[in-house]
Amino acid sequence: MAGFRTLSSGLRALQPGAFGADPRGERMARIRRSPHFKDGVFQNPGGPARTRPSGSTLDFAKVFFDKDTRPRRTPKGTVPVHSTTLADIARPPATGLRLTWMGHSSVLAEIDGRRVLFDPVWGERCSPFPFAGPKRLHPAPLPLAALGPVDVVVISHDHYDHLDMPTIKALAGTDTLFAVPLGVGAHLEHWGVSADRLRELDWHESTKVGGLTLTATPARHFCGRGLRNTQHTLWASWVVAGDEHRIYHSGDTGYFDGFQEIGAEHGPFDATMIQIGAYSDFWPDIHMTPEEGMRAHLDLQGGPEHGPMLPIHWATFNLATHPWADPGEGTLAAARAVGAGVALPRPGEPFEPTAETVPSEPWWRGVALAPAGGRAPGEVLAGAGIKAASDAAAVAQADTVSDGARGAGKGTEDPETLPAG
């Protein structure tokens, strides 16, 4: 037995630091006491969810390697990133609420005088390795160091495209607090975040940070970073409420009836940030399609008359087999079908959800391959105007980003695609 322990210890020593750490001690004891932890794992609302691709490996391979659809999974040119500067976000928002989508699920929320950073990922790849895994399709809109002080960093779950070790290590050297789901704190402590800066919550638990109330709410997903998926860390959506405003971030989730309950208890919201990308018929329980995302938004808001939806979890990494622009197109169509408000900022473009207008142009059309069946005439004309604006933005961006960031932003390579996490 001693020999097996030595071998096990040796294998752990070879694991990359990005794998993080498993919960132990009092943290694990608290996990076992959770009403959502049963039979050794956290349970999803609505019953068991398929957390791995369904169907045969051959069926998945046929879709993954299809030569006709594969090129559509990346943009055909430079993604028009808004050249965010510290000056853009240094002035307080006129309405008291401003959101800046940094790409994928990373959002800076300035709410009632406080700054909240959701799922910050500034790394080049969402992977434990610097040489493999899905690579960014556009650079981060601004360096992490130029973001300015952040009151609290909120993490939805521990997958690599939401919890990025290099980003967390950089933030560990600041004064920010971290609000994370139960068990995720083990990773952060392993990377240098002190325990007194962690607010580790189970579903329906809340914490106060500088006048804001942050509440972990249910989601339908899963966890895991290492070679084994132990389901010992929780996943969550989040409600952040101030004196005047309240917002919702979905994290990653499949659609479930709990959105109505969250909305009834905490909504309506001045804005929702909803996952609408990296969906697939191979994993339908753990990610939402744009149509499901809009349905979740309406459940949370109690109808289309309340604050807009910001689509997240798309455009930055290639994590599924659908075309790159489909989440944007699907969200726009779903919003129009029900008369709901939707904000469509370019990555890095700050906007105020309660202002009279929010970004609404389908900016991606200028750099996306056209659908196989072509676009309607009106869409072609709109796309041409957006393409001109995108080209101008790309030129401006090229003057400010480094050579390395320029390479990451071109989106012309076909980066590795992994089943979505």
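Worth saying up front: this structure is predicted, and the values here are computed from it rather than measured.

Take the pattern of salt bridges next. With the rule as written, the count across this model stands at eight salt bridges. For Arg27, the salt bridge goes to Glu200, with nearest N and O atoms at 3.0 Å. Highlighted residues: Arg27 in helix α2 (residues 25–33) and Glu200 in strand β8 (residues 198–201), separated in sequence by 173 residues. Here Arg27 matches Glu200 in class, with each residue buried. Glu349 serves as the salt-bridge partner of Arg346, at 3.7 Å between the closest nitrogen and oxygen.

Looking now at the sheet that holds strand β10 (residues 212–217). Reading across the sheet, the six strands line up as β9-β10-β11-β12-β13-β14 and stay open at both edges, with mixed pairing between neighbours. Looking at which strands have only one partner, the edges of the open sheet turn out to be β9 (206–209) and β14 (309–312). Each strand axis lies, on average, 15 degrees off the axis of its neighbour in the sheet, ignoring direction. Bridging between strand β13 (residues 271–275) and β14 involves four bridges; their strand directions are parallel. When the bridges of β14 are listed, Thr272 appears paired with Met309.

Here helix α9 (residues 326–338) spans 18 Å end to end across 13 residues, near enough to the 18 Å set by a 1.5 Å rise per residue. The set of residues buried in α9 consists of Pro327, Gly328, Glu329, Gly330, Thr331, Leu332, Ala334 and Ala335. Remark: Gly339 follows α9 within two positions and exhibits a positive phi of approximately 70 degrees.

Core analysis: the biggest nonpolar cluster contains 68 residues, and Leu99, Val116, Phe118, Leu214, Trp238, Ile247 and Trp324 have the highest contact counts within it. Residue contacts for Trp324: discarding those within four places in its chain leaves Arg72, Arg73, Thr74, Pro75, Val79, Leu137, Trp314, Ala315, Trp363, Trp364, Val367 and Ala368. Core analysis: the second largest hydrophobic core is formed by 37 residues, Ala18, Val121, Ile168 and Leu188 among them.

Looking now at the side chain of His138. Looking at the element boundaries, His138 is found in the loop between β5 (114–118) and β6 (152–154). Of note is the side chain of His138, whose polar atom sits 2.8 Å from the side chain of Thr316.

Time to look at the packing of helix α7 (residues 258–266) against helix α8 (residues 290–301). Two elements in contact, α7 and α8, have axes separated by 6 Å at closest approach and are oriented at 35 degrees. Crossing angle aside, the handedness with which α7 passes α8 is right-handed. Contacts from Phe259, Gln260, Ile262 and Gly263 in α7 reach Ala296, Asp299 and Leu300 in α8. Split by residue class, the contact of α7 with α8 holds four nonpolar, two polar and one charged.

The subject of this paragraph is the packing of aromatic side chains. Under the counting rule described, the total for this entry stands at 13 aromatic pairs. Here the aromatic residues Trp101, Trp314, Trp324, Trp363 and Trp364 are joined through ring pairs into a cluster of three or more.

Pairing in this open sheet of seven strands is mixed, and the strands run β8-β7-β6-β5-β4-β3-β15 from one edge to the other. A strand with exactly one partner marks an edge of an open sheet, and here the two such strands are β8 and β15 (350–351). With three bridges connecting them, β5 and β6 associate as parallel partners. Within β6, the position partnered with Leu117 by the bridge is Val153.

This brings us to the environment of Tyr160. The residue Tyr160 is located in the loop between β6 and α5 (165–172) in this model. Between the alpha carbons of Tyr160 and Val121 there is a distance of 8.5 Å; along the sequence they are 39 residues apart. Filtering out sequence-adjacent residues up to four positions away, Tyr160 remains in contact with Ala18, Phe19, Val121, Cys126, Ser127, Pro128, Arg225 and Gly226. From its side chain, Tyr160 meets the backbone oxygen of Arg225 in a polar contact 2.6 Å long.

Here we take up the confidence of the model for the protein. Residues at a pLDDT of 70 or more form 81% of the protein, whose mean pLDDT is 86. This model gives residues 1–14 a pLDDT under 50, and the stretch forms zero contacts once residues within four places in sequence are excluded.

Right, let's talk about empty space enclosed by the protein for a bit. A water-sized probe rolled over the atoms picks out the places where empty space is left. Tallied over the full model, the rule gives one cavity of 30 Å³ or more. In this structure, the largest cavity spans a volume of roughly 110 Å³. The wall of the largest cavity is formed by 15 residues, among which Ala315, Phe317, Asn318, Leu319 and His322 lie closest to the centre. Looking at the lining of the largest cavity residue by residue, the classes come out as nine nonpolar, five polar and one charged.

Conventions we followed
Residues numbered from 1 in each chain as written. Predicted model: local features only at pLDDT ≥ 70, side-chain atom pairs only at ≥ 80, totals over all residues. Heavy atoms only, no water. Salt bridge = Lys/Arg side-chain N within 4 Å of Asp/Glu carboxyl O. Helix = DSSP H or I, 4+ residues; strand = E, 2+ residues; numbered from the N terminus. Buried < 20%, exposed > 50% of the residue type's maximum accessible area, 1.4 Å probe, protein only. Pairing = 2+ DSSP bridges. Axes fitted to C-alpha atoms, helices over the stretch in contact; angles between N-to-C directions. Expected span 1.5 Å × (residues − 1). Core = buried A, V, L, I, M, F, W, Y, C linked by side-chain atoms within 4.5 Å. Contact = heavy atoms within 4.5 Å. Polar contact = N/O pair within 3.5 Å; in protein donor to acceptor, adjacent residues only side chain to side chain. Left-handed = near helix turned anticlockwise from the far one by under 90°. Nonpolar A, V, L, I, M, F, W, Y, C, P; charged D, E, K, R; others polar. Phe/Tyr/Trp six-rings, centres within 6.5 Å; stacked < 30°, edge-to-face > 60°. pLDDT = per-residue confidence, 0-100. 1 Å grid on protein atoms, 1.4 Å probe; cavity = no way out; pocket = protein on both sides within 12 Å on 5 of 7 lines; lining within 4 Å. Points joined across faces, edges and corners; volume = space filled by probe spheres on them.

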